[in-house]
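A structural walkthrough
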Amino acid sequence: MSKYQPNKIFIEKDVVNSSITRQILKKLPDIPVEYIDDYRSIKVDGDTTDDIFKKSKECLAIAGKKGELVKEFRCRDGIVGNTEYFISHGNNCSLDCDYCFLQCYFGNAVPTVFINHDEMLDEIKDVLLATSDKKIVFHAGELCDALAFDDLTGLSGKLIPLFSAFPNARLELRTKTTTIENLINIKAVGNIVVSWTFSPQIIIDEHEHKAPSLEQRIRAAEDVQTAGYNVGICLDPIILCDDWFDHYKSMLGILLERLDMARVKFISLGGFRYLPSLTKVIRERNLQTSLLLGEFVPCVDGKYRYFRPTRTEVYKEIGKVIRDLSKDVKISLCMETPEVWNSVKDILK
Ligand code: SF4
C-alpha cells in the first residue's frame, strides 16, 4: 500500500492504458476516479483559498507532461549559482509547507505525477550525452518533492541505473519524505545524492504541514547512507523564529553526530525567500502566520529576502556551528547574492 492515500484520482484519458497508470491504481485501489482531458484544467472547489489548497492536496492526478521534461536552469544575474537541469516528473506534492512557492506557480495545487517516463529518460539521456565531458547536476525535487510518490511511480528505479552510466553527472533527489524503499532495494550509485530538507521540529510543527518529523527524516537519511548512498543536508529555507540559533544549533549537533559525514556531500544554506505573489496566498491561507514577520527586502531577482545583515549573520553563525563539528564538509549558499557570499566565504570555506 502506498504511503500517500488520496481520496480522489484524476486520470488523463490519454494515459489510462499506460502500464504505470495501472501500476499506480493497483497500489491505490477503491479510490474514486475522474477521467479528464488535461491536468492543467483541473479545478477543485472550496469555500476559502485554504480549503481549496487542502482539498487539492487530498487528490492525485496521473498525467502525461506537456512540454519539456528536462529544463535547463540558470540563476538570474546577480544571484550566484551554476547552470543545472531540473527533471519535470511531477507538479506539487502531498505535503503542505506554508512557504512553498508552488502555491502560486501552477494553475492548481493537485499533486500530479507525469508517467511518460520513457520520454523523460530519453530527454535526460540526450542532455547527458551532449554534456558527458562536463560535471553537471540534475535535480528531481524542484517542482515536486523528488520521492513523495516514488512508491507509486517507481521512477527512482529508472533514474538511478541511467545515471550510473554517466559518472560525471550528479542526480540530486531532494525530499522531506521517508519514501526510500525503492532506493534501499536497488544498488546505490556514487553520483546519486539523496538530500533532505531538515528543519528544527518547531519549524516543522508550525510551517511544514503533513511532513515527516525531524527524527523520521534523520532515520531515513541514516538508512539510505547504510544502503550506500551519499546524502545532502539542505537547511533551506532557514526560517527565523524566537531562539532560532539554539534550534538550528541543536539540530545540527544531532544531524552531524548521527550521519556518516564521509557520506555527506554538502550542506546548503538558504534563507526564506519569496516572490510578492506568494504573500497573497500565504496570508489568505493564514492571516496569523508568523512566516512573514521580520524585515524582508526586495533583491535583484525580484524575490524578497531577510535584510542582508540579518542573512549574513545567520549564515555566519550557522557556518561556525558546522565548522566546529566538521572541518571538511562542503558548505554552500543557495540562491544568494555575491555580496552575501563574499561576507561569509571565510567562515564557510
Ligand atoms: S515538500 Fe517541497 S514541494 Fe512539497 S509542499 Fe513542501 S516545499 Fe512544496
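Residues numbered from 1 in each chain as written. Predicted model: local features only at pLDDT ≥ 70, side-chain atom pairs only at ≥ 80, totals over all residues. Heavy atoms only, no water.

This part is about the overall build of the protein. Looking only at helices and strands, one finds twelve helices and 18 strands in the protein. A compact globule built from 349 residues would reach a C-alpha radius of gyration of about 20 Å, and the protein, at 20 Å, matches this within 12%. Taking all 349 residues of the protein together, 54% fall into the buried category. Considering only contacts in the protein between residues 6 or more positions apart, those separated by 24 or more positions represent 75%. A total of about 15900 Å² of accessible surface is found on the protein, and carbon and sulfur atoms cover 50% of it. Across the protein, the mean location of the 46 positive side-chain charges is 3 Å away from that of the 51 negative side-chain charges. (Helix = DSSP H or I, 4+ residues; strand = E, 2+ residues; numbered from the N terminus. Rg over C-alpha atoms; globule rule 2.2 N^0.38 Å. Buried < 20%, exposed > 50% of the residue type's maximum accessible area, 1.4 Å probe, protein only. Contact = heavy atoms within 4.5 Å. Areas by Shrake-Rupley, 256 points an atom, 1.4 Å probe, with all protein chains shown as cover. Lys, Arg positive; Asp, Glu negative; His and termini not counted. Charge placed at Lys NZ, Arg CZ, Asp CG, Glu CD.)

Close contacts around the ligand come from C93, L95, C97, Y99, C100, L102 and K176, and that covers them all. Partitioning the shell around the ligand into residue classes produces six nonpolar, no polar and one charged. (Near = heavy atom within 4 Å. Nonpolar A, V, L, I, M, F, W, Y, C, P; charged D, E, K, R; others polar.)

Across the sheet, three strands lie side by side as β15-β17-β16; this open sheet has antiparallel pairing. Both outer strands of the open sheet, β15 (273–274) and β16 (296–298), are each paired with one neighbouring strand and no more. In this sheet, strand β17 (residues 304–306) lies alongside β16 in antiparallel orientation, the contact comprising three bridges. Looking across to β17, one finds that F296 is bridged to Y306. On the sheet, helix α11 (residues 308–325) packs against β16 and β17 and is oriented at approximately 55° with respect to β17. (Pairing = 2+ DSSP bridges. Axes fitted to C-alpha atoms, helices over the stretch in contact; angles between N-to-C directions.)

Take the side chain of N191 next. Position of N191 among the secondary structure elements: in the loop between α6 (181–185) and β11 (192–197). N191 gets classed as buried once you look at its relative accessible area, which sits at 9%. Within the local environment of N191, its side chain forms a polar contact with the backbone oxygen of F163, the two atoms lying 2.9 Å apart. Leaving out residues up to four positions away in the same chain, N191 has contacts with F163, S164, F166, P167, A169, R170 and L171. (Polar contact = N/O pair within 3.5 Å; in protein donor to acceptor, adjacent residues only side chain to side chain.)

Ranked by internal contacts, the top residues of the largest apolar core, which has 85 residues, are I124, F138, F198, L235, L269, F272 and I318. Ignoring anything within four residues of it in the chain, the contact list for F272 reads Y99, P237, I238, I239, I282, L291, L292, F296, Y304, R305 and Y306. Of all hydrophobic cores here, the second largest spans 19 residues; its members include V15, I24, L28 and C93. (Core = buried A, V, L, I, M, F, W, Y, C linked by side-chain atoms within 4.5 Å.)

Inspection of the sheet shows strand β1 (residues 8–12) paired to strand β2 (residues 33–36) by four bridges, in the parallel sense. When the bridges of β2 are listed, F10 appears paired with E34. This β-α-β element, β1 to helix α1 (residues 19–27) to β2, shows right-handed connectivity. (Right-handed = clockwise from strand over helix to strand, strands pointing away.)

Once that is clear, we can look at the packing of aromatic side chains. The description of an aromatic ring pair rests on the distance of the ring centres and on the angle between the ring planes. Within the structure shown, the criterion is met by 13 aromatic pairs. On the numbers, 4.9 Å between centres and 15° between planes, the contact of F73 with F86 is stacked. Of this pair, F73 sits in strand β4 (residues 70–73) while F86 sits in strand β5 (residues 84–87); the two residues are 13 residues apart in sequence, bridging distant segments of the chain. Residue classification places F86 among the buried positions, given a relative accessible area of 15%. Ring-pair connections join several aromatic residues into one group, and the members of that group are F272, Y274, F296, Y304 and Y306. If you follow R40 out to its NZ or CZ, it ends over the ring of Y39, 5.7 Å from the centre. Cation over ring: K65 sits above F114, and NZ or CZ is 5.9 Å from the ring centre. (Phe/Tyr/Trp six-rings, centres within 6.5 Å; stacked < 30°, edge-to-face > 60°. Lys NZ or Arg CZ within 6 Å of the ring centre and 35° of its normal.)

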